[in-house]
2 protein chains.
Amino acid sequence: MEHRIHNPSLRSRIVSADEAQKWIRDGMNVGVSGFTRSGDVKAIPRALAEYKKKMGDTRRINLYSGASLGEADSDLSSQHLVGRRGPYQSDRDTRGAINRGEIQYIEQHLSHTAEWVRNGEPIDLAIIEAVAITEDGGIVPTTSVGNSPIFVQQAEQVIVEINMAMPEELIGVHDIYIPEKRPGRSPINITRVDDRIGRASIPCDPMKIVGIVFNDEPDSPSTIVPPDGETEQMAGYILELLEHEVKQGRLSERLAPLQSGVGSVANAVFNGLEQAPFDQLEIYTEVMQDAVFHLFDSDKVSFASGCSFTLSREMRDHVLSNLSKYRDRIVLRPQEISNHPEVIRRLGVIAINAALEVDIYGNVNSTHVSGSHIMNGIGGSGDFARNAGLTIFVTKSTAKDGRISSVVPFVPHVDHTEHDVDILVTEQGIADLRGLSPRERARVIIENLAHPYYKDALRDYFKRASQGGGNTPHLLQEAFSWHNRYQETGDMRQRELVLL
Amino acid sequence: MEHRIHNPSLRSRIVSADEAQKWIRDGMNVGVSGFTRSGDVKAIPRALAEYKKKMGDTRRINLYSGASLGEADSDLSSQHLVGRRGPYQSDRDTRGAINRGEIQYIEQHLSHTAEWVRNGEPIDLAIIEAVAITEDGGIVPTTSVGNSPIFVQQAEQVIVEINMAMPEELIGVHDIYIPEKRPGRSPINITRVDDRIGRASIPCDPMKIVGIVFNDEPDSPSTIVPPDGETEQMAGYILELLEHEVKQGRLSERLAPLQSGVGSVANAVFNGLEQAPFDQLEIYTEVMQDAVFHLFDSDKVSFASGCSFTLSREMRDHVLSNLSKYRDRIVLRPQEISNHPEVIRRLGVIAINAALEVDIYGNVNSTHVSGSHIMNGIGGSGDFARNAGLTIFVTKSTAKDGRISSVVPFVPHVDHTEHDVDILVTEQGIADLRGLSPRERARVIIENLAHPYYKDALRDYFKRASQGGGNTPHLLQEAFSWHNRYQETGDMRQRELVLL
Ligand SMILES: CC(C)(COP(=O)(O)OP(=O)(O)OC[C@H]1O[C@@H](n2cnc3c(N)ncnc32)[C@H](O)[C@@H]1OP(=O)(O)O)[C@@H](O)C(=O)NCCC(=O)NCCS
Ligand SMILES: CC(C)(COP(=O)(O)OP(=O)(O)OC[C@H]1O[C@@H](n2cnc3c(N)ncnc32)[C@H](O)[C@@H]1OP(=O)(O)O)[C@@H](O)C(=O)NCCC(=O)NCCS
């Protein structure tokens, strides 16, 4: 194990996870590695939760990560160890505590957190999962980079969790670049997805490393939802659109670098790419899911840049034991870089993300059910949607067996405005909103995307609203009536209109 | 006059405005110069409107500009000559036609329009106001750059309006840089506000210039609203905040490059800077208003980069006849560059923009009164708000003599989400939202920003909403009840609560 610590003077700092958890003090701002359940610290959060379970404890920490953690989120939240949490989570227990007002959720665009920390939000302690520590103290991350570089740079103290289940072949996969403080910052010199502009490990003054803990747990696997008829249909619409863009000369046969959010449609689109007439594709994304590696295997993708791998158990084991096959074609970057507006706009990324619901003018709710209750968080969807060359959101037209329409008069929470959305897709069809006015968008959204259950009611709302005039005509008395009806009756459908 | 056409072979293309307007055909996409009433084409739109008034005409054009035009918007809209309009306007007649559904409004982030055109939205005809045409056909813009470079690059045909009221000393003030098509685009190499990365004129194949018209009208002046007690108070809060940031070491005494939207608070803040303990300030903005030149005169500002001058009559005459005093300290850029996320984030701009209303969680409505009726458009506010180092929105706490609260439970249109807003200011106080959870934000917004008329009602809404739980607790049945009450009774106040 010790050979993973290339700087021998640091070997004396090896401690147990239980010892390390005792250094965590009440009220600390703790920055941890971890992005979409990958490369998260594992042993210390568990030791902290176990200590509390056994001994009782009044500590509460402010927990900042890259994005969602694996078991740690649930372990810590269910033990009431978290006071504040940011910038993203997707855990049942954490979500519950946030919605009850017990955890203060500092939900941020994933590219924003590093600036926030750099501008002065203190990080008392960084806990980072690593493959190894280099001679000069450099920390080599594992399967995600997340916010680890900025946490390490700004932290008072650093604890490293070396994960022996992570192969040393991961060394060299990362490209760690940290933008300078302002003023005097330089351009981020990425002009191709495979550009490398940084170093292979996170620079760290060895003096700051106060402890080193070993673990050997694999990442908790992602649960891939296999494509169903509807997600395949949605993927089909997107692939047709892309073919159309190529025909129109707006994209080449290599398309443009692809981003996709987590979820089943994204996976279905990527699966669909295996048969599609595109070649030498490139990925510039946050999360590389199983489908990316399938596309490598079928030689469809030439390079993938991301911030983490989030893989099923089988794919994880396959990738980690066959890294030499992939390592020249992938790079993992800090989320400040994978999600940076500068790079996303320069590359003209094609961004595909999922929505909870959309409204008739194209505003998107990705986060808050009924406007109040958080699901996960905005994550990187805003970084990509605002800056991409082509911005696509997908959602099934209904949820809860048709009782909820995901196309509504007015979304009760806006994550992405009408200006940030080019294309919307449901299993009913596709709406190309580019260059349309709001009233024109409303017609296309209602006709192409809404479920037949809800089409007439949407047409009726839009027609009556338009009589009052406006650029985005609304009837504010009724705008949320669909959501209210669902809360009261468990079904958004209006009986009369369904029977029409 | 002809000496302004440095390429003699082009002198034969001089025509009258009336002749030129006849080349405009029904259904054309016309891209014109003009940004915030400056540097807009004047003679040809007027000739078009006059022709229609006299002769009748069935033509309708799609009119795309930099931002708002001077007289042209009103001339063309009131003559029903406009079918589609984008990306921004601020004209009474145009707004009316949009809200009646007669003009389709393609409202866009001001940095997005150039990408949209580059990606294939055709420009049939560009009409550009110029100081001069260079030897090689280069078009030197006047008091704004706007989208003229991309319109000229993409247009089939170009008409130039040379404005003799614009001094030739403007030559050299502009920095025209047009990002490449993707893939293969390079970084925008601006790392300081005074960096010049382009050329002094808009490149144009002389063959595309089908006509040259002369005019000699000055820009229509901006009507500066002088500071009142309330705007001065708001400016005071912002200046205190900036001093605090300097003390905390988050900003230097040079602050960071400043952006401000049009309007009275922005002007009041800039006026306040004359007395403030900051030095060698820099501006990186869209619009340079009067206050920028006052700050030059008092030696507070060392350099200003913008996309247009929008000046009062007096200041306009002063600046244009004393250009030599200012020309080494200013640059005018295309709006794609003045508003580019890449540059704004790199520089860490301090962005100050006005809102119509804000909600208790920090979402901002800048555009749609009652959610339906457009005021102006989102303009560049989203480009700056999302990417700035410090994002400030200002609004008076009430409108219409207190009958409207500009702090509401739920904004009926979202332009800027809770994630894009750091600081909110009304004449009642300032709310620093950085690092706060939504429920914490609600308390600060209600207590610091709301008018006493409305505070209790907001507290009551938030308290009852919180009982239902959630990350951003809402009562959807009531969320818009304030706006409904205003529509029904002409006053948002609830009688019982006002009397408390
Ligand atoms: C929006 C998001 C929740 C959709 O996730 P998904 O897995 O594709 O969506 P699903 O259709 O499986 O729906 C998830 C849940 O929301 C429910 N749901 C879907 N639409 C809904 C709606 N309109 N109203 C209420 N609930 C809805 C589903 O029923 C399901 O509930 P369940 O967990 O009880 O079964 C997810 O993409 C997300 O968190 N996005 C925000 C962050 C992001 O975009 N990241 C990508 C870039 S990083
Ligand atoms: C939001 C915006 C309209 C505010 O402009 P302003 O001149 O500072 O605001 P004012 O307080 O004078 O208000 C303008 C009008 O809106 C009305 N108004 C203000 N708050 C209101 C509210 N909450 N509800 C309804 N009307 C409101 C005012 O009464 C006034 O009406 P009037 O014209 O009938 O007198 C303006 O800043 C804008 O268009 N912004 C969007 C674009 C932008 O931000 N550009 C800057 C970067 S480019």
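As the structure is a prediction and not an experimental result, all values here were calculated from the model. (Residues numbered from 1 in each chain as written. Chains lettered and ligands numbered in written order. Predicted model: local features only at pLDDT ≥ 70, side-chain atom pairs only at ≥ 80, totals over all residues. Heavy atoms only, no water.)

Participant: When you look at the overall build of chain A in this model, what are you seeing that I'm missing?
Facilitator: Regarding its fold elements, chain A presents 18 helices and 25 strands. Radius of gyration (C-alpha) of chain A: 23 Å, near the 23 Å computed for a compact globule of 500 residues. Considering only C-alpha atoms, chain A reaches an extent of 75 × 50 × 45 Å along its principal axes. In chain A, which comprises 500 residues, the proportion classed as buried is 66%. For chain A, contacts bridging at least 24 residues in sequence account for 73% of all contacts bridging at least 6. Carbon and sulfur atoms make up 47% of the accessible area of chain A, which totals about 16700 Å². (Helix = DSSP H or I, 4+ residues; strand = E, 2+ residues; numbered from the N terminus. Rg over C-alpha atoms; globule rule 2.2 N^0.38 Å. Buried < 20%, exposed > 50% of the residue type's maximum accessible area, 1.4 Å probe, protein only. Contact = heavy atoms within 4.5 Å. Areas by Shrake-Rupley, 256 points an atom, 1.4 Å probe, with all protein chains shown as cover.)

Participant: Explain the UniProt feature "domain: Acetyl-CoA hydrolase/transferase N-terminal" (unreviewed entry) in chain A here, please?
Facilitator: Residues annotated by UniProt as "domain: Acetyl-CoA hydrolase/transferase N-terminal" (unreviewed entry) correspond here to residues 14-213 of chain A. Helix makes up 24% of residues 14-213 of chain A and strand 20%. Its end C-alpha atoms lie 6 Å apart. (UniProt positions renumbered as here; feature names shortened; annotations may be inferred.)

Participant: What should I look at first to understand the interface of chain A and chain B in this one?
Facilitator: How big an interface is tends to be stated in terms of accessible area lost as the parts join. Listed by partner, the interface residues are 72 residues for chain A and 71 residues for chain B. Summed over both sides, the interface of chain A with chain B buries roughly 5900 Å², with 47% coming from carbon and sulfur. Taken together, chain A and chain B are joined by four salt bridges. For the salt bridge of Glu342 of chain A with Arg346 of chain B, the shortest nitrogen-to-oxygen distance reads 3.0 Å. Going through the elements one at a time, helix H4 (92-99), strand S4 (104-105), helix H5 (113-118), helix H13 (341-347), strand S19 (373-374), helix H14 (381-387), helix H15 (438-449) and helix H17 (481-489) of chain A are the ones with two or more residues in the side of chain A that touches chain B. (Buried area = accessible area lost by both parts, 1.4 Å probe. Salt bridge = Lys/Arg side-chain N within 4 Å of Asp/Glu carboxyl O.)

Participant: Is there a simple way to explain the site of ligand 1 in this structure?
Facilitator: Residue and element names in this part refer to chain A. Near ligand 1, the surroundings consist of 21 residues, among which Glu286, Leu356, Asn376, Gly377 and Lys400 are the closest. Lys400 places a polar side-chain atom, nitrogen or oxygen, 2.8 Å from an oxygen atom of ligand 1. Within the side chain of Ser406, a nitrogen or oxygen atom sits 3.2 Å from a nitrogen atom of ligand 1. Protein burial of ligand 1: of its 970 Å² of free accessible surface, 70% is covered by the chains. Per-class residue counts for the shell around ligand 1 are nine nonpolar, nine polar and three charged. (Near = heavy atom within 4 Å. Polar contact = N/O pair within 3.5 Å; in protein donor to acceptor, adjacent residues only side chain to side chain. Nonpolar A, V, L, I, M, F, W, Y, C, P; charged D, E, K, R; others polar.)

Participant: In this structure, what is going on with the sheet that holds strand S23 (residues 407-408) of chain A? I would like to understand it.
Facilitator: In any sheet, the strands associate via hydrogen bonds between backbone groups, in a parallel or an antiparallel arrangement. All names here are of chain A. As summarised here, the arrangement of the three strands in space is S17-S16-S23, forming an open sheet in which the pairing is mixed. Pairing within the sheet leaves two strands with one partner each, and these edge strands are strand S17 (364-365) and S23. Summarising the sheet, strand S16 (residues 357-359) and S17 pair through two bridges and their orientation is antiparallel. Residue pairing for S17: Val358 is matched across the bridge by Val364. (Pairing = 2+ DSSP bridges.)

Participant: It is not clear to me how the site of ligand 2 should be interpreted in this structure. Could you clarify?
Facilitator: Residues and elements named next belong to chain B. As a matter of local geometry, ligand 2 sits amid 21 residues, with Glu286, Leu356, Asn376, Gly377 and Lys400 nearest to it. Note that an oxygen atom of ligand 2 is positioned 2.6 Å from one of the side-chain N or O atoms of Asn376. In the complex, the protein chains occlude 70% of the 960 Å² of accessible area that ligand 2 would expose alone. Considering only residue class, the shell around ligand 2 consists of nine nonpolar, nine polar and three charged.

Participant: What am I meant to see in the relation of the copies chain A and chain B here?
Facilitator: With an RMSD of 0.0 Å, the operation that places chain A on chain B is a rotation of 180° combined with a shift of 0.0 Å along the axis. Such values leave the two copies arranged in the relation of a two-fold axis. Among all C-alpha atoms of chain A, that of Glu342 of chain A lies closest to the rotation axis, at 2.1 Å. (Least-squares fit on C-alpha atoms with pLDDT ≥ 70 in both.)

Participant: How should the side chain of Gln108 of chain B be read in this particular structure?
Facilitator: Relative to the helices and strands, Gln108 of chain B is located in the loop between strand S4 (104-105) and helix H5 (113-118). By relative accessible area, which is 11% here, Gln108 of chain B ends up buried. Looking at Gln108 of chain B, its side chain comes within polar contact range of the side chain of Thr113 of chain B, at 2.8 Å. What Gln108 of chain B contacts, discounting residues up to four positions off in sequence, is His419 of chain A together with Pro87, Thr113, Trp116, Ile378 and Gly379 of chain B.

Participant: Just checking my understanding: could you explain the pattern of salt bridges for this structure?
Facilitator: Two side chains bearing opposite charge may form a pair once their charged atoms approach each other closely. In the structure shown here, the tally under the stated rule is 73 salt bridges over all chains. Of the charged contacts in the structure, one is a salt bridge between Lys22 of chain A and Asp18 of chain A, with a shortest N-O distance of 3.4 Å. Residue class for Asp18 of chain A comes out partly exposed when judged on its relative accessible area of 32%. Where Glu245 of chain B meets Arg250 of chain B, a salt bridge forms, and the shortest distance between an N and an O atom there is 2.7 Å. Since its relative accessible area comes to 3%, Glu245 of chain B is described here as buried.

Participant: Explain the sheet that holds strand S17 (residues 364-365) of chain B to me, please; I cannot follow it from the model alone.
Facilitator: Spatial ordering of the open sheet is given by S17-S16-S23 (chain B), a layout of three strands whose pairing is mixed. Because the sheet does not close on itself, it has two edges, and the strands there are S17 and strand S23 (407-408) of chain B.

Participant: Help me understand the domain arrangement of chain A in this model?
Facilitator: Residues and elements named next belong to chain A. In terms of domains, chain A is made up of domain 1 (2-215) and domain 2 (229-489). Each of domain 1 and domain 2 was reduced to a C-alpha centroid, and the two centroids are 29 Å apart. Each partner contributes residues to the interface: domain 1 has 48 residues there, and domain 2 has 44 residues. Taking the shortest distance from any N to any O, the salt bridge between Arg333 and Asp175 comes out at 3.2 Å. Scanning the region where domain 1 abuts domain 2 turns up 30 residue pairs in polar contact (both at pLDDT 80 or more). Elements that contribute at least two residues to the side of domain 1 that touches domain 2 include exactly H4 and H5. Here the side of domain 1 that touches domain 2 is built from residues that sort into 20 nonpolar, 18 polar and ten charged. (Domains from an automatic or database assignment.)

Participant: Explain the packing of aromatic side chains to me, please; I cannot follow it from the model alone.
Facilitator: Aromatic ring pairs are described here by two measures, namely the spacing of the ring centres and the angle between the planes. Per the counting criterion, the structure on display carries 21 aromatic pairs over all chains. With a centroid separation of 6.3 Å and 75° between ring planes, the pair formed by Tyr453 of chain B and Tyr454 of chain B is classed as edge-to-face. Overall, the relative accessible area of 37% leaves Tyr453 of chain B in the partly exposed class. Take Tyr454 of chain B: its relative accessible area is 1%, and that puts it in the buried class. Each residue in the set Phe293, Phe296, Phe309 and Tyr326 of chain A is aromatic and connected to the rest through ring pairs, giving one cluster. The positively charged end of Arg493 of chain A is found above the aromatic ring belonging to Tyr453 of chain A, 4.3 Å away from the centroid. (Phe/Tyr/Trp six-rings, centres within 6.5 Å; stacked < 30°, edge-to-face > 60°. Lys NZ or Arg CZ within 6 Å of the ring centre and 35° of its normal.)

Participant: What should I look at first to understand helix H8 (residues 264-273) of chain B in this one?
Facilitator: Every α-helix carries 3.6 residues per turn, so stepping three or four residues along brings you back to the same face. Residue and element names in this part refer to chain B. Burial analysis of H8 places nine of its ten residues in the buried class, the great majority of the element. For H8, every residue scored as buried is listed here: Ser264, Val265, Ala266, Asn267, Ala268, Val269, Phe270, Gly272 and Leu273. Residues of H8 that are buried sit in contact with helix H7 (229-247), strand S9 (258-260), strand S10 (281-284), helix H9 (290-297), strand S15 (350-354) and strand S20 (390-394).

Participant: Would you take a moment to explain the packing of H7 of chain B against H8 of chain B for this structure?
Facilitator: Helix packing geometry: the angle between the two helix axes and the distance between the axes. All names here are of chain B. Look at H7 against H8: their axes get within 8 Å of each other, and the N-to-C directions meet at 55°. The pairing of H7 with H8 is recorded here as oblique in orientation. As for the relative orientation of H7 and H8, their crossing is right-handed in sense. Contacts between H7 and H8 involve Thr231, Glu232, Met234, Ala235, Ile238 and Leu239 from the first element and Ser264, Val265, Ala268, Val269, Gly272 and Leu273 from the second. Here the contact of H7 with H8 is composed, by residue class, of eight nonpolar, three polar and one charged. (Axes fitted to C-alpha atoms, helices over the stretch in contact; angles between N-to-C directions. Parallel < 35°, antiparallel > 145°, perpendicular 65-115°, else oblique. Left-handed = near helix turned anticlockwise from the far one by under 90°.)

Participant: Honestly, the pairing of S20 of chain B in this entry has me stumped. Any pointers?
Facilitator: Put simply, side chains in a regular strand alternate between the two faces of the sheet. All names here are of chain B. Most of S20 is tucked away: five of the five residues are buried. Of the two faces of S20, the one holding Leu390, Ile392 and Val394 and the one holding Thr391 and Phe393 are both buried throughout. Here five bridges tie S15 to S20, and the two strands are oriented parallel to one another. Bridge pairing links Ile350 to Leu390 in S20. Here three bridges tie S20 to strand S24 (residues 423-426), and the two strands are oriented parallel to one another. Residue pairing in the sheet places Phe393 in a bridge with Leu424 of S24.

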